[in-house]
Amino acid sequence: MAQKTCILAYSGGLDTSVVIKWLQEHYDVAVIATVFDVGQDKTEDMTFIEKKALDIGAYGAQVIDLREEFANNYISKAIKANGLYENKYPLVSALSRPLMVKHLVDQAHARGADFIAHGCTGKGNDQVRFDVACAALDPSLQVLAPVREWNLLTRADEIAYASEHGIPIPVTQERPYSVDDNLFGRTIECGILEDPWVTPPEDIFGLTNDPAGPDAPDTPQEVTLTFEAGLPIALDGEQMDLLTLINALTDIGGLHGCGRIDMIENRLVGLKSHEIYEVPAAVALLTAHKALEDICLDRDTAHFKLDLEHKWAELVYNGLWYSPLKAALDSFIDATQKTMDGEVRLQYFKGNITVCGRRSPYALYDFKLATYDEGDSFNRDAAKGFIEIHGLPLRTWSSLHSSGL
(Lines give C-alpha, C1' and ligand atoms only; values in the text may rest on other atoms or scores of the structure.)
Protein backbone atom coordinates (compact mmCIF):
# COMPACT_ATOMS: atom_id res chain seq x y z
CA MET A 1 0.00 0.00 0.00
CA ALA A 2 1.33 3.42 -0.99
CA GLN A 3 2.27 5.72 1.86
CA LYS A 4 -0.35 8.38 2.53
CA THR A 5 0.45 12.07 2.33
CA CYS A 6 -0.13 14.77 4.93
CA ILE A 7 0.12 18.53 4.34
CA LEU A 8 1.43 20.12 7.57
CA ALA A 9 1.14 23.80 8.44
CA TYR A 10 4.75 24.28 9.52
CA SER A 11 6.13 27.31 11.36
CA GLY A 12 9.56 26.04 12.38
CA GLY A 13 8.64 26.43 16.05
CA LEU A 14 8.66 23.88 18.84
CA ASP A 15 5.26 22.26 18.28
CA THR A 16 5.37 21.80 14.52
CA SER A 17 9.02 20.68 14.54
CA VAL A 18 8.14 17.88 16.95
CA VAL A 19 4.98 17.14 14.96
CA ILE A 20 6.94 16.12 11.86
CA LYS A 21 8.74 13.29 13.63
CA TRP A 22 5.67 12.31 15.67
CA LEU A 23 3.44 11.99 12.57
CA GLN A 24 5.99 9.74 10.92
CA GLU A 25 6.20 7.54 14.00
CA HIS A 26 2.47 7.23 14.69
CA TYR A 27 0.76 7.62 11.29
CA ASP A 28 3.49 6.53 8.87
CA VAL A 29 2.71 9.43 6.54
CA ALA A 30 4.81 11.38 4.08
CA VAL A 31 4.81 14.85 5.60
CA ILE A 32 4.95 17.87 3.31
CA ALA A 33 5.85 20.81 5.55
CA THR A 34 4.19 23.97 4.26
CA VAL A 35 5.57 27.29 5.48
CA PHE A 36 3.20 30.21 5.06
CA ASP A 37 4.81 33.62 4.76
CA VAL A 38 2.21 35.96 6.26
CA GLY A 39 4.69 38.70 7.07
CA GLN A 40 6.14 37.27 10.25
CA ASP A 41 9.51 38.27 11.69
CA LYS A 42 11.36 40.12 8.92
CA THR A 43 14.64 38.62 10.10
CA GLU A 44 13.32 35.09 9.70
CA ASP A 45 14.82 33.16 6.79
CA MET A 46 12.01 31.22 5.14
CA THR A 47 14.40 29.05 3.14
CA PHE A 48 16.16 28.11 6.39
CA ILE A 49 12.83 27.01 7.88
CA GLU A 50 12.12 25.00 4.74
CA LYS A 51 15.52 23.30 4.96
CA LYS A 52 15.01 22.66 8.67
CA ALA A 53 11.81 20.71 7.94
CA LEU A 54 13.67 18.56 5.42
CA ASP A 55 16.52 17.97 7.88
CA ILE A 56 14.04 16.82 10.53
CA GLY A 57 12.69 14.28 8.06
CA ALA A 58 9.85 15.83 6.11
CA TYR A 59 9.18 14.18 2.73
CA GLY A 60 8.87 17.61 1.18
CA ALA A 61 8.83 21.27 2.13
CA GLN A 62 7.61 24.47 0.51
CA VAL A 63 7.24 28.17 1.26
CA ILE A 64 4.10 29.98 0.06
CA ASP A 65 4.12 33.78 0.10
CA LEU A 66 0.71 34.94 1.31
CA ARG A 67 1.57 38.47 2.38
CA GLU A 68 -0.34 40.37 -0.29
CA GLU A 69 -3.35 38.07 -0.09
CA PHE A 70 -3.34 38.38 3.70
CA ALA A 71 -3.27 42.17 3.55
CA ASN A 72 -5.76 42.67 0.73
CA ASN A 73 -8.34 39.98 1.51
CA TYR A 74 -8.16 39.50 5.29
CA ILE A 75 -6.62 42.46 7.11
CA SER A 76 -8.60 44.81 4.87
CA LYS A 77 -11.87 43.34 6.15
CA ALA A 78 -10.69 43.73 9.75
CA ILE A 79 -9.92 47.41 9.17
CA LYS A 80 -13.37 48.08 7.74
CA ALA A 81 -14.97 46.15 10.60
CA ASN A 82 -12.82 47.78 13.32
CA GLY A 83 -12.18 44.19 14.31
CA LEU A 84 -11.35 43.93 18.01
CA TYR A 85 -12.19 40.84 20.05
CA GLU A 86 -13.43 41.90 23.50
CA ASN A 87 -12.76 45.46 22.32
CA LYS A 88 -8.99 44.92 22.75
CA TYR A 89 -7.46 42.19 20.58
CA PRO A 90 -7.00 43.03 16.87
CA LEU A 91 -7.38 39.35 15.86
CA VAL A 92 -3.76 38.97 14.76
CA SER A 93 -3.55 35.15 14.69
CA ALA A 94 -7.26 34.63 14.12
CA LEU A 95 -7.11 36.55 10.83
CA SER A 96 -4.30 34.43 9.38
CA ARG A 97 -5.76 31.00 10.13
CA PRO A 98 -8.56 30.87 7.53
CA LEU A 99 -6.07 31.97 4.87
CA MET A 100 -3.64 29.23 5.89
CA VAL A 101 -6.37 26.59 5.88
CA LYS A 102 -7.52 27.70 2.42
CA HIS A 103 -4.04 26.99 1.09
CA LEU A 104 -3.64 23.77 3.08
CA VAL A 105 -6.82 22.49 1.44
CA ASP A 106 -5.65 23.70 -1.98
CA GLN A 107 -2.33 21.88 -1.51
CA ALA A 108 -4.10 18.73 -0.34
CA HIS A 109 -6.20 18.76 -3.50
CA ALA A 110 -3.22 19.50 -5.75
CA ARG A 111 -1.08 16.73 -4.25
CA GLY A 112 -3.79 14.15 -3.63
CA ALA A 113 -3.13 14.22 0.12
CA ASP A 114 -5.28 12.31 2.59
CA PHE A 115 -4.67 14.58 5.58
CA ILE A 116 -3.85 18.08 6.63
CA ALA A 117 -2.21 18.65 10.01
CA HIS A 118 -1.40 21.43 12.42
CA GLY A 119 0.52 21.87 15.67
CA CYS A 120 -2.17 23.66 17.66
CA THR A 121 -2.50 22.98 21.37
CA GLY A 122 -5.52 21.08 22.65
CA LYS A 123 -6.54 23.95 24.94
CA GLY A 124 -6.23 26.87 22.55
CA ASN A 125 -8.33 28.64 19.93
CA ASP A 126 -6.29 27.81 16.84
CA GLN A 127 -7.24 24.12 16.84
CA VAL A 128 -10.85 25.20 16.41
CA ARG A 129 -9.98 27.65 13.65
CA PHE A 130 -8.05 25.06 11.64
CA ASP A 131 -10.53 22.22 12.07
CA VAL A 132 -13.68 24.26 11.47
CA ALA A 133 -12.28 26.12 8.46
CA CYS A 134 -11.22 22.82 6.89
CA ALA A 135 -14.69 21.39 7.48
CA ALA A 136 -16.18 24.44 5.74
CA LEU A 137 -13.89 24.16 2.70
CA ASP A 138 -13.68 20.37 2.34
CA PRO A 139 -15.45 18.24 4.96
CA SER A 140 -14.01 15.06 3.40
CA LEU A 141 -10.44 15.95 4.42
CA GLN A 142 -9.24 14.53 7.74
CA VAL A 143 -7.40 16.88 10.09
CA LEU A 144 -4.60 15.48 12.24
CA ALA A 145 -3.83 17.33 15.45
CA PRO A 146 -0.95 15.53 17.21
CA VAL A 147 -0.78 17.96 20.13
CA ARG A 148 -4.27 16.78 21.13
CA GLU A 149 -3.15 13.15 21.01
CA TRP A 150 0.38 12.80 22.23
CA ASN A 151 1.52 12.33 25.84
CA LEU A 152 3.87 15.31 25.69
CA LEU A 153 1.76 17.24 28.15
CA THR A 154 4.07 20.20 28.80
CA ARG A 155 6.41 22.33 26.74
CA ALA A 156 9.21 20.86 28.82
CA ASP A 157 8.15 17.40 27.59
CA GLU A 158 8.25 18.62 23.99
CA ILE A 159 11.67 20.18 24.46
CA ALA A 160 12.94 16.89 25.92
CA TYR A 161 11.42 14.93 22.98
CA ALA A 162 13.09 17.27 20.52
CA SER A 163 16.43 16.83 22.26
CA GLU A 164 16.10 13.04 22.21
CA HIS A 165 15.31 13.00 18.50
CA GLY A 166 17.89 15.59 17.45
CA ILE A 167 15.29 18.16 16.45
CA PRO A 168 16.58 21.76 16.47
CA ILE A 169 14.12 24.10 18.18
CA PRO A 170 14.02 27.87 18.86
CA VAL A 171 13.13 27.66 22.57
CA THR A 172 14.79 26.54 25.79
CA GLN A 173 13.61 25.51 29.24
CA GLU A 174 14.72 28.97 30.45
CA ARG A 175 12.88 30.90 27.70
CA PRO A 176 9.85 28.82 26.76
CA TYR A 177 7.68 31.57 25.26
CA SER A 178 5.22 30.74 22.53
CA VAL A 179 5.28 33.40 19.81
CA ASP A 180 3.08 33.81 16.77
CA ASP A 181 3.56 36.74 14.45
CA ASN A 182 2.45 38.01 11.10
CA LEU A 183 2.06 41.20 9.11
CA PHE A 184 -0.53 42.60 11.52
CA GLY A 185 1.36 42.02 14.77
CA ARG A 186 2.86 39.62 17.25
CA THR A 187 1.49 37.48 20.11
CA ILE A 188 3.48 36.18 23.09
CA GLU A 189 2.37 33.74 25.78
CA CYS A 190 3.57 30.95 28.11
CA GLY A 191 6.42 30.84 30.59
CA ILE A 192 6.41 33.56 33.24
CA LEU A 193 3.54 35.28 31.40
CA GLU A 194 1.15 32.65 32.74
CA ASP A 195 1.13 34.62 35.99
CA PRO A 196 -1.08 37.66 35.27
CA TRP A 197 0.43 39.54 38.23
CA VAL A 198 3.91 39.49 36.70
CA THR A 199 5.06 42.48 34.69
CA PRO A 200 6.05 41.17 31.24
CA PRO A 201 9.85 41.23 30.94
CA GLU A 202 11.20 43.61 28.32
CA ASP A 203 13.00 40.84 26.46
CA ILE A 204 9.73 39.32 25.19
CA PHE A 205 9.07 42.30 22.90
CA GLY A 206 10.35 42.17 19.35
CA LEU A 207 8.51 44.91 17.44
CA THR A 208 8.34 47.82 19.89
CA ASN A 209 10.83 49.86 21.87
CA ASP A 210 10.31 50.34 25.58
CA PRO A 211 8.18 53.55 25.63
CA ALA A 212 10.07 54.74 28.72
CA GLY A 213 13.46 53.62 27.45
CA PRO A 214 16.21 55.58 25.70
CA ASP A 215 15.34 54.27 22.22
CA ALA A 216 11.85 55.82 22.19
CA PRO A 217 12.05 59.39 20.78
CA ASP A 218 11.54 62.30 23.16
CA THR A 219 9.59 64.28 20.56
CA PRO A 220 6.19 63.38 19.07
CA GLN A 221 5.78 62.35 15.44
CA GLU A 222 2.72 63.09 13.32
CA VAL A 223 1.59 61.10 10.29
CA THR A 224 -1.36 61.51 7.95
CA LEU A 225 -3.30 58.52 6.67
CA THR A 226 -5.46 58.87 3.57
CA PHE A 227 -8.46 56.56 3.23
CA GLU A 228 -10.57 55.60 0.24
CA ALA A 229 -13.70 53.45 0.63
CA GLY A 230 -12.65 52.59 4.19
CA LEU A 231 -9.10 51.48 3.44
CA PRO A 232 -5.79 53.36 3.76
CA ILE A 233 -4.19 54.22 0.42
CA ALA A 234 -1.47 56.71 1.37
CA LEU A 235 0.88 57.65 4.20
CA ASP A 236 1.91 61.32 4.45
CA GLY A 237 0.64 61.82 0.92
CA GLU A 238 2.65 58.95 -0.56
CA GLN A 239 0.50 56.32 -2.30
CA MET A 240 1.15 52.81 -0.97
CA ASP A 241 -0.34 49.37 -1.33
CA LEU A 242 -1.75 48.00 1.91
CA LEU A 243 1.14 45.60 2.50
CA THR A 244 3.74 48.36 2.25
CA LEU A 245 1.68 50.74 4.36
CA ILE A 246 1.23 48.22 7.18
CA ASN A 247 4.98 47.58 7.27
CA ALA A 248 5.65 51.33 7.43
CA LEU A 249 3.22 51.81 10.32
CA THR A 250 4.77 48.86 12.15
CA ASP A 251 8.18 50.55 11.96
CA ILE A 252 6.87 53.96 13.05
CA GLY A 253 4.80 52.59 15.91
CA GLY A 254 7.58 50.27 17.00
CA LEU A 255 10.02 53.16 17.19
CA HIS A 256 7.72 55.03 19.60
CA GLY A 257 6.85 51.95 21.66
CA CYS A 258 3.22 52.00 20.50
CA GLY A 259 0.84 49.09 20.17
CA ARG A 260 1.54 46.97 23.24
CA ILE A 261 -1.53 45.22 24.67
CA ASP A 262 -1.60 43.22 27.92
CA MET A 263 -4.95 41.51 28.46
CA ILE A 264 -6.80 38.65 30.07
CA GLU A 265 -8.62 36.99 27.21
CA ASN A 266 -11.65 34.68 27.23
CA ARG A 267 -10.76 31.79 24.97
CA LEU A 268 -13.40 29.95 22.98
CA VAL A 269 -12.68 26.70 24.86
CA GLY A 270 -13.81 28.28 28.13
CA LEU A 271 -10.65 29.29 29.95
CA LYS A 272 -9.00 32.67 30.50
CA SER A 273 -5.47 33.31 29.29
CA HIS A 274 -2.93 36.07 29.78
CA GLU A 275 -1.94 37.38 26.36
CA ILE A 276 0.64 39.96 25.31
CA TYR A 277 0.31 41.57 21.90
CA GLU A 278 2.51 43.91 19.89
CA VAL A 279 0.31 45.47 17.24
CA PRO A 280 1.56 48.96 16.28
CA ALA A 281 0.13 48.92 12.74
CA ALA A 282 -3.19 47.46 13.85
CA VAL A 283 -3.69 50.06 16.61
CA ALA A 284 -2.83 52.92 14.25
CA LEU A 285 -5.11 51.74 11.45
CA LEU A 286 -8.09 50.96 13.64
CA THR A 287 -7.71 54.22 15.59
CA ALA A 288 -7.61 56.23 12.37
CA HIS A 289 -10.45 54.30 10.73
CA LYS A 290 -12.71 54.80 13.72
CA ALA A 291 -11.94 58.52 13.72
CA LEU A 292 -12.94 58.77 10.07
CA GLU A 293 -16.18 56.87 10.69
CA ASP A 294 -16.98 59.26 13.53
CA ILE A 295 -17.43 62.12 11.10
CA CYS A 296 -18.77 60.19 8.09
CA LEU A 297 -21.35 57.73 9.44
CA ASP A 298 -24.80 58.85 10.49
CA ARG A 299 -25.71 58.14 14.10
CA ASP A 300 -28.03 55.17 13.52
CA THR A 301 -25.61 53.40 11.19
CA ALA A 302 -22.66 54.10 13.49
CA HIS A 303 -24.47 52.68 16.52
CA PHE A 304 -25.76 49.64 14.66
CA LYS A 305 -22.36 48.93 13.10
CA LEU A 306 -20.76 49.07 16.55
CA ASP A 307 -22.95 46.17 17.68
CA LEU A 308 -22.18 44.18 14.54
CA GLU A 309 -18.45 44.83 14.86
CA HIS A 310 -18.38 42.93 18.14
CA LYS A 311 -20.23 40.03 16.52
CA TRP A 312 -17.90 40.10 13.50
CA ALA A 313 -14.83 39.96 15.74
CA GLU A 314 -16.34 37.15 17.78
CA LEU A 315 -17.05 35.08 14.65
CA VAL A 316 -13.49 35.53 13.38
CA TYR A 317 -12.00 34.79 16.80
CA ASN A 318 -14.11 31.63 17.03
CA GLY A 319 -12.94 30.29 13.67
CA LEU A 320 -16.09 31.03 11.70
CA TRP A 321 -14.54 33.09 8.91
CA TYR A 322 -16.31 30.99 6.28
CA SER A 323 -19.71 31.08 7.95
CA PRO A 324 -22.83 32.52 6.24
CA LEU A 325 -23.29 35.07 9.03
CA LYS A 326 -19.72 36.37 8.63
CA ALA A 327 -20.31 36.76 4.88
CA ALA A 328 -23.56 38.64 5.52
CA LEU A 329 -21.86 40.98 8.00
CA ASP A 330 -19.10 41.65 5.46
CA SER A 331 -21.75 42.77 2.97
CA PHE A 332 -23.27 45.19 5.48
CA ILE A 333 -19.89 46.55 6.49
CA ASP A 334 -18.84 47.06 2.85
CA ALA A 335 -22.03 49.07 2.29
CA THR A 336 -21.07 51.42 5.13
CA GLN A 337 -17.63 52.09 3.62
CA LYS A 338 -18.59 53.37 0.17
CA THR A 339 -18.12 57.01 1.16
CA MET A 340 -15.47 56.44 3.82
CA ASP A 341 -12.93 58.74 2.17
CA GLY A 342 -10.75 61.26 3.93
CA GLU A 343 -7.63 61.93 5.95
CA VAL A 344 -6.72 61.34 9.59
CA ARG A 345 -3.71 62.75 11.42
CA LEU A 346 -2.13 60.62 14.14
CA GLN A 347 0.46 61.61 16.71
CA TYR A 348 2.92 59.06 18.10
CA PHE A 349 4.60 59.64 21.44
CA LYS A 350 5.93 57.41 24.21
CA GLY A 351 3.63 54.42 23.67
CA ASN A 352 0.54 56.41 22.68
CA ILE A 353 -1.21 56.95 19.36
CA THR A 354 -3.58 59.93 19.42
CA VAL A 355 -5.93 61.30 16.78
CA CYS A 356 -5.15 65.00 16.24
CA GLY A 357 -7.14 65.74 13.11
CA ARG A 358 -9.66 64.31 10.67
CA ARG A 359 -11.43 65.54 7.54
CA SER A 360 -13.54 64.11 4.73
CA PRO A 361 -15.54 65.35 1.73
CA TYR A 362 -18.37 63.19 3.13
CA ALA A 363 -18.16 64.52 6.69
CA LEU A 364 -21.52 64.90 8.40
CA TYR A 365 -19.95 67.26 10.92
CA ASP A 366 -21.40 70.72 10.20
CA PHE A 367 -19.49 73.61 11.76
CA LYS A 368 -22.50 75.95 11.55
CA LEU A 369 -24.63 73.47 13.50
CA ALA A 370 -21.91 72.64 16.02
CA THR A 371 -20.50 76.06 16.81
CA TYR A 372 -21.43 78.12 19.87
CA ASP A 373 -19.98 81.25 18.26
CA GLU A 374 -21.17 83.50 15.47
CA GLY A 375 -22.58 81.68 12.48
CA ASP A 376 -24.59 79.22 14.62
CA SER A 377 -27.40 77.86 12.45
CA PHE A 378 -28.93 75.45 14.97
CA ASN A 379 -32.63 76.20 15.58
CA ARG A 380 -32.90 76.37 19.37
CA ASP A 381 -36.64 77.10 19.12
CA ALA A 382 -37.15 73.55 17.80
CA ALA A 383 -35.52 72.01 20.89
CA LYS A 384 -38.46 72.57 23.23
CA GLY A 385 -40.94 70.71 21.01
CA PHE A 386 -38.44 67.93 20.41
CA ILE A 387 -37.95 67.45 24.15
CA GLU A 388 -41.72 67.40 24.70
CA ILE A 389 -42.17 64.55 22.22
CA HIS A 390 -39.02 62.70 23.27
CA GLY A 391 -40.03 62.72 26.96
CA LEU A 392 -43.72 61.95 26.39
CA PRO A 393 -43.52 58.19 27.09
CA LEU A 394 -41.63 58.77 30.34
CA ARG A 395 -44.02 61.47 31.53
CA THR A 396 -46.97 59.20 30.74
CA TRP A 397 -45.44 56.36 32.74
CA SER A 398 -44.57 58.64 35.66
CA SER A 399 -48.14 59.96 35.84
CA LEU A 400 -49.37 56.40 36.50
CA HIS A 401 -46.55 55.49 38.89
CA SER A 402 -46.36 58.57 41.07
CA SER A 403 -44.21 56.78 43.64
CA GLY A 404 -41.38 56.89 41.11
CA LEU A 405 -38.65 54.32 40.64
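This report concerns the structure included in the present document.

Scoring rules and cut-offs
- Residues numbered from 1 in each chain as written.
- Predicted model: local features only at pLDDT ≥ 70, side-chain atom pairs only at ≥ 80, totals over all residues.
- Heavy atoms only, no water.
- Helix = DSSP H or I, 4+ residues; strand = E, 2+ residues; numbered from the N terminus.
- Buried < 20%, exposed > 50% of the residue type's maximum accessible area, 1.4 Å probe, protein only.
- Contact = heavy atoms within 4.5 Å.
- Pairing = 2+ DSSP bridges.
- Axes fitted to C-alpha atoms, helices over the stretch in contact; angles between N-to-C directions.
- Lys, Arg positive; Asp, Glu negative; His and termini not counted.
- Salt bridge = Lys/Arg side-chain N within 4 Å of Asp/Glu carboxyl O.
- Polar contact = N/O pair within 3.5 Å; in protein donor to acceptor, adjacent residues only side chain to side chain.
- Parallel < 35°, antiparallel > 145°, perpendicular 65-115°, else oblique.
- Left-handed = near helix turned anticlockwise from the far one by under 90°.
- Nonpolar A, V, L, I, M, F, W, Y, C, P; charged D, E, K, R; others polar.
- Expected span 1.5 Å × (residues − 1).
- Core = buried A, V, L, I, M, F, W, Y, C linked by side-chain atoms within 4.5 Å.
- Phe/Tyr/Trp six-rings, centres within 6.5 Å; stacked < 30°, edge-to-face > 60°.
- Lys NZ or Arg CZ within 6 Å of the ring centre and 35° of its normal.
- 1 Å grid on protein atoms, 1.4 Å probe; cavity = no way out; pocket = protein on both sides within 12 Å on 5 of 7 lines; lining within 4 Å.
- Points joined across faces, edges and corners; volume = space filled by probe spheres on them.

## Concerning the overall build of the protein
Part 1 of the reasoning: Summing up its helical and strand segments, the protein has 13 helices and 14 strands in all.
Part 2 of the reasoning: Its C-alpha atoms give the protein principal-axis dimensions of about 85 × 55 × 45 Å.
Part 3 of the reasoning: Among the 405 residues that make up the protein, the fraction classed as buried is 50%.
Part 4 of the reasoning: In the protein, 72% of the contacts between residues at least 6 apart in sequence involve partners at least 24 apart.

## Focus on the sheet that holds strand β9 (residues 231-235)
Part 1 of the reasoning: Overall, antiparallel pairing links the 5 strands, which are arranged β10-β9-β8-β13-β14 in an open sheet. The sheet is open, and its two borders are formed by β10 (238-239) and β14 (352-359), each paired with just one other strand.
Part 2 of the reasoning: Across 7 bridges, strand β13 (residues 342-349) lies against β14 in antiparallel orientation. Opposite Leu 346, over in β14, you have Val 355 as the bridge partner.
Part 3 of the reasoning: Docked against the sheet, helix α8 (residues 242-255) engages β8 (221-228), β9 and β13, running at close to 70° with respect to β9.

## Here we look at the side chain of Asp 341
Part 1 of the reasoning: Note on placement: Asp 341 falls in the loop between α11 (324-336) and β13.
Part 2 of the reasoning: Buried charge without a salt bridge: Asp 341, with Lys 80 as the nearest opposite-charge side chain at an N-O distance of 10.0 Å.
Part 3 of the reasoning: A polar side-chain atom of Asp 341 sits 2.7 Å from the main-chain amide nitrogen of Ala 229.
Part 4 of the reasoning: The contacts of Asp 341, once residues within four sequence positions are left out, are Phe 227, Glu 228, Ala 229, Leu 292, Cys 296, Arg 359, Ser 360, Pro 361 and Tyr 362.

## Some details on the packing of helix α1 (residues 14-27) against helix α2 (residues 46-56)
Packed helices, taken two at a time, are described by the angle between their axes plus the distance between the axes.
Part 1 of the reasoning: One can describe the packing of α1 onto α2 by two numbers: an axis separation of 10 Å at closest approach and a directional angle of 30°. Regarding the angle of α1 to α2, the classification is roughly parallel. The way α1 lies across α2 gives a crossing that is right-handed. Contacts between α1 and α2 involve Ser 17, Ile 20 and Lys 21 from the first element and Lys 52, Ala 53 and Ile 56 from the second.
Part 2 of the reasoning: Looking at side-chain class alone, the contact of α1 with α2 contains 3 nonpolar, 1 polar and 2 charged residues.

## Side note on helix α4 (residues 92-111)
Part 1 of the reasoning: For α4, which comprises 20 residues, the first-to-last C-alpha distance of 29 Å matches the rise-based estimate of 28 Å (1.5 Å per residue) to within 8%.
Part 2 of the reasoning: Judged by how many residues are buried, α4 sits mostly within the fold: 15 of 20 residues are covered.
Part 3 of the reasoning: Phi turns positive, to about 65°, at Gly 112, one or two residues after α4.

## Thoughts on the nonpolar core
In globular proteins that are soluble, nonpolar side chains generally tend to be buried together.
Part 1 of the reasoning: Of all hydrophobic cores here, the largest spans 78 residues; its most connected members are Leu 91, Leu 95 and Trp 312.
Part 2 of the reasoning: Apart from the residues lying within four places of it in its own chain, the contact partners of Leu 95 are Phe 70, Tyr 74, Ile 75, Ala 78, Pro 90, Phe 184, Trp 312, Val 316 and Trp 321.
Part 3 of the reasoning: In this structure, Leu 8, Ala 53, Ile 56 and Leu 152 belong to the second largest nonpolar core, which totals 29 residues.

## Observations regarding the packing of aromatic side chains
Part 1 of the reasoning: One pass over the full model with this rule turns up 9 aromatic pairs.
Part 2 of the reasoning: When the ring of Tyr 89 is compared with that of Tyr 317, the centres are 6.1 Å apart and the planes differ by 85°; the resulting orientation is edge-to-face. Of this pair, Tyr 89 sits in the loop between α3 (67-80) and α4 while Tyr 317 is found in helix α10 (residues 299-317), placing the two residues 228 residues apart along the sequence. Neither Tyr 89 nor Tyr 317 differs from the other in exposure class; each is buried.
Part 3 of the reasoning: Members of the aromatic cluster, connected to one another through ring pairs, are Trp 22, Tyr 27, Phe 115 and Trp 150.
Part 4 of the reasoning: Note that Arg 260 overlies the ring of Phe 205, its terminal NZ or CZ placed 3.6 Å from the centroid.
Part 5 of the reasoning: If you follow Lys 326 out to its NZ or CZ, it ends over the ring of Trp 321, 3.5 Å from the centre.

## Considerations on the pairing of β13
Part 1 of the reasoning: Along β13, the buried face is formed by Gly 342, Val 344, Leu 346 and Tyr 348; none of Glu 343, Arg 345, Gln 347 and Phe 349, which line the opposite face, is buried.
Part 2 of the reasoning: One ladder, built from 7 bridges, connects β8 with β13; its direction is antiparallel. When the sheet's bridge partners are listed, Phe 227 is paired in β13 with Gly 342.
Part 3 of the reasoning: A loop of 2 residues connects β13 with β14, the two strands running antiparallel in sequence, and Lys 350 in this loop sits at a positive phi of about 45°.

## Some thoughts on empty space enclosed by the protein
Rolled over the atoms, a probe sized like a water molecule indicates the empty space that remains.
Part 1 of the reasoning: What the rule picks out here adds up to 3 cavities of 30 Å³ or more.
Part 2 of the reasoning: A volume near 60 Å³ is recorded for the largest cavity.
Part 3 of the reasoning: In this structure, the largest cavity is lined by Asn 82, Gly 83, Leu 84, Asn 87, Lys 290, Leu 306, Glu 309 and His 310.
Part 4 of the reasoning: For the lining of the largest cavity, the class distribution of residues is 2 nonpolar, 4 polar and 2 charged.
Part 5 of the reasoning: In this structure, the second largest cavity occupies an estimated 50 Å³ of space.
Part 6 of the reasoning: Around the second largest cavity, the lining residues are Ala 94, Arg 97, Pro 98, Arg 129, Ala 133, Val 316, Gly 319, Trp 321 and Tyr 322.
Part 7 of the reasoning: Within the residue set of the lining of the second largest cavity, elements represented by two or more residues are α4 and α5 (126-137).
Part 8 of the reasoning: Among the elements that take part in the lining of the second largest cavity, α4 stands out by supplying 3 residues, more than any other.
Part 9 of the reasoning: Of the residues that constitute the lining of the second largest cavity, the class distribution is 6 nonpolar, 1 polar and 2 charged.

## What to know about the environment of Ile 56
Part 1 of the reasoning: Looking at the secondary structure, you find Ile 56 in helix α2.
Part 2 of the reasoning: Looking at Ile 56, the relative accessible area reads 6%, which means it is buried.
Part 3 of the reasoning: In this structure the C-alpha to C-alpha distance between Ile 56 and Pro 168, which are 112 residues apart in sequence, comes to 8.1 Å.
Part 4 of the reasoning: Apart from residues lying up to four places away in sequence, Ile 56 is in contact with Tyr 10, Ser 17, Ile 20, Lys 21, Ile 167 and Pro 168.

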